[in-house]
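Working through the structure, step by step
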Amino acid sequence: EQLQDNLELRIQNPETGLFTRKYIELQTLQAIALASRCGSNVSVMVLGFDNFESLCEAHGDEAVAQLQKRFVSILSSKIRKEDSLGHLVGNRLAVVSPGTPSQGCEIFGSRLRDGIASANISIHGQRLSMSLSIGISNIPSDKVNSAEALIELADERLSAAQQAGGNRIVSN
């Protein structure tokens, strides 16, 4: 239990190197405060591979974890320095983008989805058909009043995208 408490207090996951949910919440809170003072936007993107569990069952957790690490590496090189990338829960990642309207995240998200869909990814010589879904929330467009609510809204929208068949983006 104490080990779990220590992990929840960390800002970076020692296994993956990604920022933790706690850190993402703090970055979102800070971005909201700045957006409020400056009259600007803050967007949160929550990303997840579609049919993640099926991929794990078919190819093994370790192989899929390696794919996810490669994706994280690519994603972290594509976001801006002022953006924050972290692990939200399960296979879901979050990107906090201060000063970015929803439309900017939608354009970026579309490029990511297209890249994943057209990538030649294979495990043990078998080509994988992979897709990515994304949920986006934004202040001031979405009428939420906390960092946690902004993150949860993006997460709910990711779930809606995946339930609608995946390989799509859901925003306001």
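Remember, it's a predicted structure, so these values are computed and weren't measured experimentally.

1. Notes on the overall build of the chain
Counting its regular elements, the chain contains six helices and seven strands. Traced from its N-terminal end to its C-terminal end, the chain shows the element sequence α-α-β-α-α-β-β-α-β-β-β-α-β. Relative to the compact-globule value of 16 Å for 172 residues, the chain shows a C-alpha radius of gyration of 16 Å, a close match. Seen through its C-alpha atoms, the chain measures out along the principal axes to roughly 55 × 40 × 30 Å. Out of the 172 residues in the chain, the part that is buried amounts to 44%. Here the analysis covers contacts within the chain between residues at least 6 apart in sequence; of these, 66% occur between residues at least 24 apart. Summing over all exposed atoms, the chain offers an accessible surface of approximately 9500 Å²; the carbon and sulfur share of this is 48%. Taking the average location of the 16 positive side-chain charges in the chain and that of its 19 negative ones, the two points are 9 Å from each other.

2. Focus on the packing of helix 2 (residues 21–38) against helix 6 (residues 147–163)
Between two packed helices, both the angle of their axes relative to each other and the distance between the axes serve to describe the pair. Remark: helix 2 packs on helix 6, axes separated minimally by 8 Å, with the N-to-C direction vectors making an angle of 115 degrees. Between helix 2 and helix 6, the angle falls in the class roughly perpendicular. Regarding helix 2 and helix 6, the two cross each other, and that crossing is right-handed. Across the interface between the two elements, Arg 21, Ile 24, Glu 25, Thr 28, Leu 29 and Ile 32 from helix 2 touch Ala 147, Leu 150, Ile 151 and Glu 152 from helix 6. Partitioned by chemical class, the residues of the contact of helix 2 with helix 6 number six nonpolar, one polar and three charged.

3. Quick notes on helix 2
Over its 18 residues, helix 2 extends 25 Å from the first C-alpha to the last, a length consistent with the 26 Å expected when each residue adds 1.5 Å. Regarding helix 2, the residues found buried are Tyr 23, Ile 24, Glu 25, Gln 27, Thr 28, Ala 31, Ile 32 and Ala 35. On its buried face, helix 2 is in contact with strand 1 (42–49), strand 2 (84–89), strand 3 (92–98), strand 6 (132–139) and helix 6. Gly 39 lies just past helix 2 and shows a positive phi near 65 degrees.

4. Brief notes about the pairing of strand 3
Taken across its seven residues, strand 3 has six buried, putting it largely inside the fold. As paired elements, strand 1 and strand 3 share six bridges and run antiparallel to each other. In the strand pairing of strand 3, Val 42 is matched with Pro 98. With five bridges joining them, strand 2 and strand 3 adopt antiparallel strand pairing. When the bridges of strand 3 are listed, Val 89 appears paired with Arg 92. The hairpin formed by strand 2 and strand 3 contains two residues between the paired strands, and Gly 90 there has a positive phi angle of roughly 55 degrees.

5. Description of the environment of Asp 142
Its place among the elements puts Asp 142 in the loop between strand 6 and helix 6. For the pair Asp 142 and Pro 14, spaced 128 residues apart in the sequence, the C-alpha separation amounts to 33 Å.

6. Some words on the packing of aromatic side chains
The full count for this structure, using the stated rule, is two aromatic pairs. When the ring of Phe 19 is compared with that of Tyr 23, the centres are 4.0 Å apart and the planes differ by 20 degrees; the resulting orientation is stacked. Using a relative accessible area of 17% as the deciding quantity, one classes Tyr 23 as buried.

7. Brief notes about the confidence of the model for the chain
The predicted model of the chain averages 88 in pLDDT, with 94% of residues at 70 or higher. The lowest-confidence element of the chain is helix 1 (residues 2–9), averaging 57 in pLDDT; the highest-confidence one is strand 7 (residues 169–170), averaging 98.

8. Some details on the pattern of salt bridges
Counting across every chain of the model gives six salt bridges. A salt bridge links Glu 25 to Arg 21, with the shortest nitrogen-to-oxygen separation between them at 3.0 Å. Note that Glu 25 and Arg 21 are positioned in helix 2 at a spacing of four residues, about one turn of the helix. Overall, Arg 21 belongs to the partly exposed group, its relative accessible area being 23%. Across the pair Arg 157 and Asp 142 runs a salt bridge whose closest N-O atoms are separated by 2.9 Å. With Arg 157 in helix 6 and Asp 142 in the loop between strand 6 and helix 6, this pair connects stretches of sequence that are 15 residues apart. For the pair shown, Arg 157 and Asp 142 are each scored as buried.

What counts as what
Note on numbering: residues in each chain are counted from 1, in written sequence order. For this predicted model, a pLDDT threshold of at least 70 governs which residues receive local features, and a threshold of 80 or more governs which side-chain atom pairs are given and counted, while totals over whole chains, interfaces and linings are taken from all residues. Hydrogens are left out, water is left out, and the side-chain values use all remaining heavy atoms of the structure. Each helix is a run of DSSP H or I of at least 4 residues and each strand a run of E of at least 2, with the numbering of both proceeding from the N terminus. Throughout, radius of gyration means the C-alpha value; the globule benchmark is 2.2 Å times the number of residues raised to the power 0.38. For each residue, the accessible area found with a 1.4 Å probe, counting protein chains only, is set against the maximum for its type, and the residue is called buried under 20%, exposed over 50%, and partly exposed in between. For this analysis, residues touch if any pair of their heavy atoms sits within 4.5 Å. We get accessible surface area from the Shrake-Rupley algorithm with a probe of 1.4 Å; when it comes to residues, only the shown protein chains can shield them. His residues and chain termini do not enter the charge count, which takes Lys and Arg as positive and Asp and Glu as negative. A charged residue contributes its charge at one atom only: NZ of Lys, CZ of Arg, CG of Asp or CD of Glu. Here the axes come from fitting lines to C-alpha atoms, over the contacting stretch only for helices, and the angles between their N-to-C directions go from 0 to 180 degrees. Every angle not falling under 35 degrees, over 145, or within 65 to 115 is termed oblique; those three ranges are roughly parallel, roughly antiparallel and roughly perpendicular. By definition, any crossing whose near helix is turned counterclockwise from its far helix by less than a right angle is left-handed, and any crossing with a clockwise turn is right-handed. Three classes are used, and their members are as follows: Ala, Val, Leu, Ile, Met, Phe, Trp, Tyr, Cys and Pro are nonpolar, Asp, Glu, Lys and Arg are charged, and the others, Gly among them, are polar. Helix span, expected: 1.5 Å multiplied by one less than the number of residues in the helix. DSSP bridges decide pairing: two strands pair if at least two such bridges lie between them. Pairing of aromatic rings covers Phe, Tyr and Trp, the last through its six-membered ring, and needs centres within 6.5 Å; plane angles under 30 degrees mean stacked, over 60 mean edge-to-face, and all others mean tilted. Note on scores: pLDDT gives the predictor's confidence for each residue, bounded by 0 and 100. Any Lys or Arg side-chain nitrogen found within 4 Å of a carboxyl oxygen on Asp or Glu counts as a salt bridge.

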